[in-house]
Amino acid sequence: MKLLDDEWQTAAQIQRICGGETLEVAKSLDRLWEAGRIEREAQEIGIGARRKGGGVQFRRIRYRQGSPEPR
């Protein structure tokens, strides 16, 4: 949590700062978010041509320190 500030960062960005495996960093970040200690933002991004069923949806999840809204 000490690595987070008020800037949005992905798990991979945080992993590059602290080391370790990206999956483990992402799991830790999700646990902090579920505990209400950090904020999380998820965004769906379309990649490639959407014509004729082409392209894919990519989900970007970013985290930051802050006061999350009550759930």
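Residues numbered from 1 in each chain as written. Predicted model: local features only at pLDDT ≥ 70, side-chain atom pairs only at ≥ 80, totals over all residues. Heavy atoms only, no water.

**What about the pattern of salt bridges?**
Tallying each qualifying case throughout the model produces five salt bridges. Among the ionic pairs, Glu24 bridges to Lys27, the shortest N-O distance being 3.9 Å. Residue Glu24 and its partner Lys27 are both found in helix α2 (residues 22–34); the two are separated by three residues, about one turn of the helix. Overall, Glu24 belongs to the partly exposed group, its relative accessible area being 42%. On the basis of relative accessible area, Lys27 is assigned to the partly exposed category, the value being 40%. Here Arg59 makes a salt bridge to Glu44, at a shortest N to O gap of 3.6 Å. Here Glu44 lies in strand β2 (residues 38–47) and Arg59 lies in strand β3 (residues 56–65), a separation of 15 residues in the sequence. Since its relative accessible area comes to 49%, Glu44 is described here as partly exposed. (Salt bridge = Lys/Arg side-chain N within 4 Å of Asp/Glu carboxyl O. Helix = DSSP H or I, 4+ residues; strand = E, 2+ residues; numbered from the N terminus. Buried < 20%, exposed > 50% of the residue type's maximum accessible area, 1.4 Å probe, protein only.)

**A few points about the sheet that holds β2**
If you walk across this open sheet you meet the three strands as β1-β3-β2, and the pairing is antiparallel. One side of each edge strand has no neighbouring strand; the edge strands of this open sheet are β1 (9–10) and β2. In terms of strand pairing, β1 meets β3 through two bridges, oriented antiparallel. Bridging from a neighbouring strand, Thr10 pairs with Arg62 of β3. (Pairing = 2+ DSSP bridges.)

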